[in-house]
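Architecture at a glance
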Amino acid sequence: MSPLAICLLISCGLFGVGLAGALCRGNAILVLLGIELMLNAANLNFVAFWRFGPSPSTATGVVFVLFGIAVAAAEAAVGLALVIALYRHQRSVRLAEAVRLRG
Amino acid sequence: MGFPVDRLWLIPLLPLLAAGAGALTPRRGRTFAAGVAIAAMTGALLLSGRALAAALVDPAAHRYHNFTWFDVGTAPLRLGWLLDPLGAVMLVMVALVGLLIFVFSLGYMREDPNGARFFCFLSLFAGAMLGLVVANSLLLLFICWELVGLASYLLIGFWFHRPEAAAAAKKAFLVTRIGDLALLLGMVWLYHASGTLLFYDGDAGCLAPPVLAALAGHSVAGGLLLSTAIGLLLFAGAVGKSGQFPLHVWLPDAMEGPTPVSALIHAATMVAAGVFLVARVYPLMAADLAVAGVPLHALTVVAVVGAITALLGALVAVAQNDLKRVLAFSTISQLGYMMLALGVGAWTAAIFHLLAHAYFKALLFLGAGSVIHAAHHEQDIRRLGGLAPRMKLTFATFAVGMMALAGVPFLFSGYWSKEAILHAALVWPVSAVPLGAGLAAVLLTAFYMTRLTAEVFFGPPRTDHAGGARESPAVMTVPLIVLAVFATGLGFLGTPAWPWLQSMLTGERLESRPLVEHAGLTALSVLLVGIGLGAGWWLYGRRPRASQAARDPLAVAVPRIWAALAGRLGVDEIYAATVGRLTRMAATWADGLDRWIWDGVVRSVAALGRFAGLLGQQADEDGLNAGFDGASGHLRETGRAYSRTQTGEARSYLLVLAAGFAALVLWLSWGGGR
Amino acid sequence: MNPPLWLSLLIFVPWVGATVVAALPPRMSRGVSLALSLSTLALGLACYAVGPGIQEGFEWMPALHIRYHLALDGLSLLLVLLTGVIGPMSLLASWAVERQGRQFRSLFLVLQGSAVGVFVAQDFFLWFIFWELSLVPAFFLIRMWGGPGAGRAAYQFVIYTLGGSAFMLAGFAAVYAATGTMDFAALQTLPPGTLAARLGPALATAAFAGVFLGLAVKVPLFPFHTWLPAAYAEAPVGVSMFLTGVMAKMGVYGFFRILWPLFPDQLHAASGVLLWLALAGVLVGAFAALAQTDLKRMLAYSSLNHVNTCLLALFAVTAFRGPAGPPAAGAAAAALDGALLQMFNHGLSAAALFFFVGVLEARRDGRRGLDDFGGLRAAAPVFAGLCGIAMFSALGLPGLNGFVSEFLILRGVFGLAPAMAALSCLGLLVTAVFLLTFYQRVFHGPRRPADPPFPDLSFREIATVGMAVVLMAVLGVLPHPLLHLVNGLATLWAGPLGWLPAPVS
């Protein structure tokens, strides 16, 4: 197995864990955690493709990752704010109870 | 002794100021208001005396002072004051009679709670009347003319709580307004034709010969000269104001006012304003005489109307039972005399009679007032009687007035003025009608005055009111005495032997003529006076009425004629049946036109609009709206179906997302999309 | 001298004031609204001191050639002063309005500002805005504070007037299409016959008819008057006063300011008929008033009679076909002077009379029939005296203001159309008949024992009419201060008689 394939397998696993967490956990914070994991899996991919790609000398992959981390941080801030709002609203952060958008 | 003409307005101003003061005086300030009014009248009298003296210096001159009221277009509208002998003698007469009546009113209106208002209105009247006689502009004259009408309205209706007084006031204002509107039209016409309303203004005044020649040079419809048409319209105003036939109906009713008012306004001054107006514009009225082949002269109409009025008034006066109504019809008759004199060309005789009449008729009315006051406002002559011994002064002065009015020869002013009129009528070439009417009226006047005097003063008192009458206080009797002096003495100012008044009025020195100018006429008129007095004495004085229920001897003799005369010849009824009904019909018609026809048109237009609206509404609801409603119903259903997929659970959305992503990956890895 | 912004202030002080009054606590609304309403008079007097000829303006919508153009000539000033007198008078007369008093006063201020705007605006667009805007408050004032039939009357009034205005707008659209401007001054300086040449005679006549209709309804000219008795009778007293005192003048003003200068030829051609209509208005108004038993309706018809007298004078001038020359010009100047002055005089007397009927109504629980009163002069001498002065002013007694204008109108009309003058005298006579009948029935006669006591005028009520009554007396003797405002215009307009181009102001 090439180093690239190993990296991709790890990130695939990471993504799977994150997706499973986001889908299965009932707590909004844990869902957020899962989403963070999926984002980081994507970041790992970027780094891997850059390191083992055709032109590792240019810093393109790292820049993508830095952007990704920044976006993830912002997303986490917004997400946590949403969670707090949700908590204020219904006194819990259980997503099963947050069904007001039902049509 | 000069009098500045541009200060002439002071004379009317004084009473007007007194009127203003009276209007602002509270009800209890009666003495103050009366004092101010009498003081103002005294001042006006003194100034009038000075004005007369100034006018006498050069009687032929018309001294005037014109000023601009306001500008209309490019031309100024000018008014002015005029001092000439005609105006000056009127000034003195109005101020003197006015003053005496003011004083008399002090006694007569003593108990009235609205005394302050009374003197306010009287002053307003006096101011307007004085302004009327010194106006050098037809417009200014008209303004004062209407103001005296207003004062007359207010004073006739002074006891406004009595429905008859309120109705009489309204009637007086409206009937005279008919004439006034004709006068207004005539004035407007004159203004348009001559460009000025000033009487005297160098060569430009409307009485100046060049202007008159221009007016008499035009003819309007039917060959009538322009000056004739204007003159007749102006005369119509005089007909209304001076109670001439056919607009005389208001004057008898005007007796509802307090008696001093009747004396001042409806006997001595205001009703004579019409005569004064015709005398003032005499050159205009006479302008058509110089033109040959004219179908109608304005003065002929004046003479005929005057003759009819003189006769009619005297006839109706015979059969009246109300003390003041007899005098009112007598006034109408005497005003007719004056008009007759104007018509036959003797305007100086008319003014002579006007002055004489003012004094003796004021005297008679005040005498009547004294009687009414003493008899607790009883003025039906059948319910009076026997007052001669009880009210000696009143009786004596009333008798003087009565003889002056009846034209008892030589001693009384009425004789001389009436004689001058009859003489002028005799030499009038156009028609003998005025002379005949005048002579008949001489007889009737002597007769009804004798009847009146006998009924009031002789025989037994027929009611307790008459029996309890006492002589009035000095404040009322002194004016009577002064007026009696003038009623006799004034005649000697205008006798044919010494025609001082006539000379002064015309501004020419007239020749002295024999006292009896036309022996036949004089003899006839004296004879007629004698017959009248004798017949009156025979019927009423010889055997005075014994009780109030007794029938009048004439009513027994000629009941039909008596009833017609007592009913004032039915003129009021004729008016009610014609003019009154016509007006009411026109009013109903105009109202109906609005309510039914125009409103109907509007309603049908509105109904048409509403119908169109209904049509449109139907089209909208059944066509367009139905289509839209259907389409939106479908949309709503679709939306509802889709909304069911929205569970509101974040995880399910995420699951779908993941599944979709997985499917996408699988599809791509199997080479889809390539 | 051209003082800045005075004309805008004339309009906007009442308008801004209206919002202020609406925001203030209710108990302050009376005094504040009265003070704001007095601003028109104060500014009007200031303008009077400066003299006519004040202008202001800027390009408002340059793309459409619409200017915000205000100007004050003698005619405008006369009517602004009239508004300045009648406005506060009407507000004082409505002092007793309790229910929603703030709204009432606020709406009234809007109405007053709009009326002033109509009198000073010099661009048709602007003018039309004011013209229509005055309807809105009038509608609500009649509808919400009026008598039992107020709903119908208010609708009738607004629909009728709006209908007329629609035609007027259409007519003006045609004018705008032909000339590209809506400024009155610019339109007046067009060479004569331009409109007919550019629009074609038929369309020009149609445009004339449209504008005429809008104005005729507002005046109202007979027979477009059927909204008038109901609206005047049902409106609350203060509003009736303003309607007859000021708003009726807006129509007459329009005739002088718009219709005559813009369509002189068409007006000349139509005047023969219009003269008869105006005469019919004079006579029908008078006779119909005689038939009324409701005092307010009687006064409404009396107003019809008086405003038609103004139009009679105007149409006599425009209908004149005789030879031009000094006599005709003199008569025409007198007729126009009279008509313009009559607007002011009638405003005063009609508003005062409506106020007095309002007093009667207020003292007798809304009854205002001719037979509901009697003998009031004994109980209320001051009331009777002031009402008498107003009445005699309305029937044209010399010494009071009405006479001057009626004399001038009669003198002018007689010089131009003698038969009309003679016939209109009948109207004067009938006016006297019904006014004196009114006075006799209400004030004279015995007191009715069953009636409750009738208090005399209070100090506030005397203050309400005091100025009007004093003006009646002063202007009757000294009309010059007002007359000289319009005499120049009248002379100018009377100049081109016989039938020459449009009067240029």
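Given the structure is predicted, the values throughout are model-derived calculations rather than measurements.

1. Topic: the overall build of chain B
- Within chain B, the secondary structure is distributed over 26 helices and two strands.
- Here chain B holds 674 residues, and the buried ones make up 56% of them.
- Taking the contacts inside chain B whose residues are at least 6 apart along the sequence as the reference set, 79% of them involve residues at least 24 apart.

2. Overview of the overall build of chain C
- A count of helical and extended segments in chain C gives 21 helices and two strands.
- A compact globule built from 505 residues would reach a C-alpha radius of gyration of about 23 Å, and chain C, at 22 Å, matches this within 12%.
- Taking the principal axes of the C-alpha coordinates as reference, chain C spans close to 70 × 55 × 40 Å.
- Residue burial in chain C is summarised as follows: out of 505 residues, 63% are buried.
- Across chain C, the fraction of contacts at a sequence separation of at least 24, relative to all contacts at a separation of at least 6, is 82%.

3. Examining the interface of chain A and chain B
- With 11 residues of chain A at the interface, the matching set in chain B holds 12 residues.
- Class assignment for the residues of the side of chain A that touches chain B results in eight nonpolar, one polar and two charged.

4. Here we look at the packing of helix α8 (residues 226-241) of chain B against helix α13 (residues 298-318) of chain B
All names here are of chain B.
- It is the contact of α8 with α13, at a shortest axis distance of 9 Å, that shows an interaxial angle of 25°. One finds that α8 runs roughly parallel with respect to α13. Along this stretch, α8 crosses α13, giving a crossing that reads as right-handed. Here Thr228, Gly231, Leu232, Phe235 and Val239 of α8 lie close against α13, whose contacting residues are Ala298, Val301, Val302 and Val305.
- Residues that form the contact of α8 with α13 fall into these classes: seven nonpolar, two polar and no charged.

5. Details of the arrangement of the chains
- Inter-chain contacts occur across two pairs of chains; the most extensive set of contacts lies between chains B and C.
- There is no contact between chain A and chain C; across them, the least C-alpha separation is 39 Å.

6. Comments concerning the pairing of strand β1 (residues 63-72) of chain B
All names here are of chain B.
- Across nine bridges, the pairing between β1 and strand β2 (residues 75-83) is antiparallel. Of the residues in β2, the one forming a bridge with His65 is Trp81.
- Hairpin geometry of β1 and β2 is characterised by an intervening segment of two residues between the two adjacent antiparallel strands and by a positive phi of about 60° at Gly73.

7. Topic: the packing of helix α3 (residues 85-108) of chain B against helix α4 (residues 115-134) of chain B
Residues and elements named next belong to chain B.
- At a minimum axis distance of 9 Å, the contact between α3 and α4 shows a crossing angle of 170°. When the axis of α3 is compared with that of α4, the two are roughly antiparallel. Across the interface between the two elements, Gly87, Met90, Leu91, Val94, Ala95, Gly98, Phe102 and Ser105 from α3 touch Phe118, Leu122, Ala126, Met129, Leu130, Val133 and Val134 from α4.
- Residue composition of the contact of α3 with α4, by class: 12 nonpolar, three polar and no charged.

8. Examining the environment of Met250 of chain C
Residues and elements named next belong to chain C.
- Along the chain, the position of Met250 falls in helix α12 (residues 237-262).
- Take Met250: there are 21 C-beta atoms within 10 Å of it, and that puts it in the buried class.
- Taking the C-alpha atoms as reference points, Met250 and Phe119, separated by 131 residues in sequence, lie 7.4 Å from one another.
- Ignoring anything within four residues of it in the chain, the contact list for Met250 reads Ala115, Val118, Trp131 and Lys218.

9. Quick word on unusual backbone geometry
- For the bond running from Val219 of chain C to Pro220 of chain C, omega is -5°, close enough to zero to count as cis.
- Tracing the chain through its elements places Pro220 of chain C in the loop between α10 (201-218) and α11 (227-234).
- Looking along the chain, the bond that leaves Phe222 of chain C and enters Pro223 of chain C is cis, with omega of 0°.
- Within the secondary structure, Pro223 of chain C is located in the loop between α10 and α11.
- Positive phi outside glycine occurs at Arg91 of chain A, with the angle close to 60°.
- With 9 C-beta atoms counted inside 10 Å, the residue Arg91 of chain A sits in the exposed group.
- Backbone geometry places His376 of chain B, a non-glycine residue, at a positive phi of 55°.
- As for its placement among the helices and strands, His376 of chain B is situated in the loop between α15 (347-374) and α16 (392-406).

10. A word on helix α15 (residues 326-363) of chain C
Residues and elements named next belong to chain C.
- Here α15 spans 54 Å end to end across 38 residues, near enough to the 56 Å set by a 1.5 Å rise per residue.
- Burial within α15 is extensive, with 33 of its 38 residues counted as buried.
- Phi for Asp365, located one or two positions after α15, is positive at around 55°.

11. Overview of the interface of chain C and chain B
- On the side of chain B, 39 residues touch chain C, which itself brings 47 residues to the contact.
- Mapped by element, the contributors of at least two residues to the side of chain C that touches chain B are α13 (264-291), α15, α16 (376-379), α18 (401-416), α19 (418-443) and α21 (480-494) of chain C.
- Ranked by the residues each element gives to the side of chain C that touches chain B, the list is headed by α19 of chain C, at nine residues.
- When its residues are assigned to classes, the side of chain C that touches chain B shows 31 nonpolar, 12 polar and four charged.

12. Comments concerning the nonpolar core
- Among the nonpolar cores identified, the biggest contains 464 residues, and Leu91, Val275, Tyr359 and Ala362 of chain B together with Ala316, Ala335 and Val413 of chain C are the most heavily contacted of them.
- Looking at this core, the element that brings in the most residues is α15 of chain C, giving 24 residues.
- Setting aside anything within four residues of it in sequence, one finds Ala335 of chain C in contact with Ala313, Ala316, Val317, Ile409, Gly412, Val413 and Leu416 of chain C.
- The next biggest cluster of nonpolar side chains, apart from the first, holds eight residues, and it includes Leu19, Ala22, Val31 and Leu32 of chain A.

13. Considering the pairing of strand β2 (residues 66-72) of chain C
Residues and elements named next belong to chain C.
- Pairing between strand β1 (residues 54-61) and β2: seven bridges, direction antiparallel. Across the sheet, Gln55 pairs through a bridge with Ala71, a residue of β2.
- Connecting β1 to the antiparallel partner β2 that follows it, the hairpin turn spans four residues, and His65 within it adopts a positive phi of roughly 60°.

14. Section: the environment of Gly101 of chain C
All names here are of chain C.
- On the secondary structure map, Gly101 appears in helix α4 (residues 101-120).
- Classification of Gly101 by C-beta neighbours within 10 Å gives partly exposed; the count is 19.
- Along the backbone, Gly101 and Gly146 are 45 residues apart, and their C-alpha atoms lie at a distance of 13 Å.
- Beyond its immediate sequence surroundings of up to four residues, Gly101 is in contact with Pro26 and Ser29.

15. Here's the deal with α19 of chain C
All names here are of chain C.
- Compared with an ideal rise of 1.5 Å per residue, which puts 26 residues at 38 Å, α19 spans 37 Å between its outermost C-alpha atoms and is within 8% of the ideal.
- Among the 26 residues of α19, 19 are classified as buried, and the element is accordingly described as predominantly covered.
- Remark: Gly445 follows α19 within two positions and exhibits a positive phi of approximately 85°.

16. A look at the confidence of the model for chain C
All names here are of chain C.
- The share of residues in chain C with pLDDT of 70 or more is 97%, and the mean pLDDT across the chain is 87.
- Ignoring residues within four places in sequence, the model shows residues 501-505, a span with pLDDT below 50, making 18 contacts including any to other chains.
- Here the complex is predicted with pTM 0.83, and the ipTM for its interfaces comes to 0.90.

17. Structural notes on the environment of Val357 of chain C
Residue and element names in this part refer to chain C.
- Within the secondary structure, Val357 is located in helix α15.
- Note on Val357: 23 C-beta atoms within 10 Å, which makes it buried.
- Considered as a pair, Val357 and Pro25 are 332 residues apart in the sequence and their alpha carbons are 31 Å apart.
- Ignoring sequence-local partners within four residues, the contact set of Val357 consists of Leu295, Lys296, Leu299 and Arg368.

The rules behind these values
Residues numbered from 1 in each chain as written. Chains lettered and ligands numbered in written order. Predicted model: local features only at pLDDT ≥ 70, side-chain atom pairs only at ≥ 80, totals over all residues. Helix = DSSP H or I, 4+ residues; strand = E, 2+ residues; numbered from the N terminus. Buried ≥ 20, exposed ≤ 12 C-beta atoms within 10 Å, placed from the backbone. Contact = placed C-beta atoms within 7 Å. Rg over C-alpha atoms; globule rule 2.2 N^0.38 Å. Nonpolar A, V, L, I, M, F, W, Y, C, P; charged D, E, K, R; others polar. Axes fitted to C-alpha atoms, helices over the stretch in contact; angles between N-to-C directions. Parallel < 35°, antiparallel > 145°, perpendicular 65-115°, else oblique. Left-handed = near helix turned anticlockwise from the far one by under 90°. Pairing = 2+ DSSP bridges. Expected span 1.5 Å × (residues − 1). Core = buried A, V, L, I, M, F, W, Y, C linked by C-beta atoms within 7 Å. pLDDT = per-residue confidence, 0-100.

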